[in-house]
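# Chains, contacts and geometry: an overview
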Amino acid sequence: MELPSGRFRAAPCRFGHDRLRKTGLHFSAPCSKLPPIMALMPEPTPTLQQLLAFYLEAGVDCALGDEPINRLEEPEPVPAPAAARPMAAPSPLRPLPAAMPAVPRSEITVAPDAAIASAREAARTAPTLADLRALMETFDGCALKHTATKLVFADGNPEARVMFVGEAPGRDEDIEGLPFVGRSGKLLDRMIASIGLDRRSAYIANVIPWRPPGNRTPTPQETQVCLPFIQRQIELVNPDVLVTLGNPSTQALLGTREGIMRSRGKWLDYDTGTRTIRAIATFHPAYLLRSPSYKRLTWQDLRAIAKALQPAT
Ligand code: URA
């Protein structure tokens, strides 16, 4: 369902005092300047649509399970086993948590080091992009997979001479299963069009192929687990030019610790293990949407990329 956005904006109370309303819901703290009779008036129950709009504005835009979990509920204390009672064990400061609900086997997350090792092994053995994709569909070492809707593998032409790599899919990409199809993707399309490219002449992927819930930043561990897959993807596509979009993919792939302001626009070597590829970082289109003044520098980077793709004369 398409939720209305912006229809239930925060507004001051009708007396112009405290903010009593946000996204159409009444907060329970009453405005201190309200006449006492109004402060006691029952608050109308929000409609389902208002409630969803409130969640959406608060950044909650996906459901992670069918059953809600009340995390504020006091856990039941676990009774000590009968045999242990005479030992008079020191009482815990807080009651022990109740047993965790059973987790489906497919959602058990592998220990980080084991997950990284198994991602490396799986990626190394994938002979083609189709095999790599199939491996990633069955890979269980990254918890992001269980909250994402779809694997976002790649888009564009695997024969392309240039490959663009972003950070992680967002909401639109998660729904479509394709990278850069939302607002920042539209800008990326315009950026590459400015140097005569499109999705038939470029290849596009992300370091992380599953959307982090609520678009949160991927953890360093999630990045490490997913890294072997994008590295293998780069090796299989084997482009002449690799372009990292934004800081996270630049740091993950090009091994630099510098921020994007310093790392962008410089040619670096990317070693696939079988070949050295020319690599360059530029700003992420999502950043350019927020800070359009950096488009000028991005244009310089794009011209450098276009020049590198020109056949040698
Ligand atoms: N941002 C990214 O880094 N990748 C996408 O696919 C979309 C937005």
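Presented here is an overview of the structure given in this document. Just so you know, these numbers come straight off a predicted model, no measurement behind them. (Residues numbered from 1 in each chain as written. Predicted model: local features only at pLDDT ≥ 70, side-chain atom pairs only at ≥ 80, totals over all residues.)

### Remarks on the overall build of the protein
The helix and strand inventory of the protein stands at 12 helices and eight strands. Burial statistics for the protein: of 313 residues in total, 29% are counted as buried. For the protein, restricting intrachain contacts to residue pairs at least 6 apart in sequence, the fraction spanning at least 24 positions comes to 66%. (Helix = DSSP H or I, 4+ residues; strand = E, 2+ residues; numbered from the N terminus. Buried ≥ 20, exposed ≤ 12 C-beta atoms within 10 Å, placed from the backbone. Contact = placed C-beta atoms within 7 Å.)

### A closer look at the pairing of strand β5 (residues 203-206)
Here β5 shows two buried faces, one formed by Y203 and A205 and the other by I204 and N206. One ladder, built from two bridges, connects strand β3 (residues 155-156) with β5; its direction is antiparallel. Bridge pairing in β5 links D155 to I204. (Pairing = 2+ DSSP bridges.)

### Observations regarding the packing of helix α3 (residues 112-125) against helix α8 (residues 220-237)
Angle between the axes and distance between the axes: these two values describe a pair of packed helices. Interaxial distance between α3 and α8 falls to 8 Å at its minimum, and their mutual angle equals 5 degrees. Here α8 runs roughly parallel to α3, going by the angle between their axes. Between α3 and α8, the contacting residues are P112, A115, I116, A119, R120, A123 and R124 on the first element and Q221, Q224, V225, P228, F229, Q231 and R232 on the second. Split by residue class, the contact of α3 with α8 holds eight nonpolar, three polar and three charged. (Axes fitted to C-alpha atoms, helices over the stretch in contact; angles between N-to-C directions. Parallel < 35°, antiparallel > 145°, perpendicular 65-115°, else oblique. Nonpolar A, V, L, I, M, F, W, Y, C, P; charged D, E, K, R; others polar.)

### Side note on the site of the ligand
Taken together, 13 residues surround the ligand, and among them G166, E167, E173, P179 and F180 come closest. Split by residue class, the shell around the ligand holds five nonpolar, six polar and two charged. (Near = placed C-beta within 6 Å.)

### Let's talk about unusual backbone geometry
Phi at F180 takes a positive value of approximately 50 degrees, unusual for a residue other than glycine. Within the element layout of this structure, F180 appears in the loop between α6 (171-176) and α7 (183-193). For F180, a count of 28 C-beta atoms within 10 Å puts it in the buried group. In this structure, N238 is a non-glycine residue whose phi angle is positive, near 55 degrees.

### Brief notes about the sheet that holds strand β7 (residues 268-271)
The sheet built from six strands is open, its strands ordered β3-β5-β4-β6-β8-β7 with mixed pairing. Strand pairing shows two members of the sheet lacking a second neighbour, β3 and β7, which therefore form its edges. In terms of strand pairing, strand β4 (residues 162-166) meets strand β6 (residues 241-245) through four bridges, oriented parallel. In the strand pairing of β6, F164 is matched with V243.

### Description of the pairing of β4
Most of β4 is tucked away, with five of its five residues classed as buried. Burial of β4 is two-sided: the residues V162, F164 and G166 facing one way and the residues M163 and V165 facing the other way are all buried. When β4 meets β5, the two strands line up parallel, connected through four bridges. Looking across to β5, one finds that G166 is bridged to N206.

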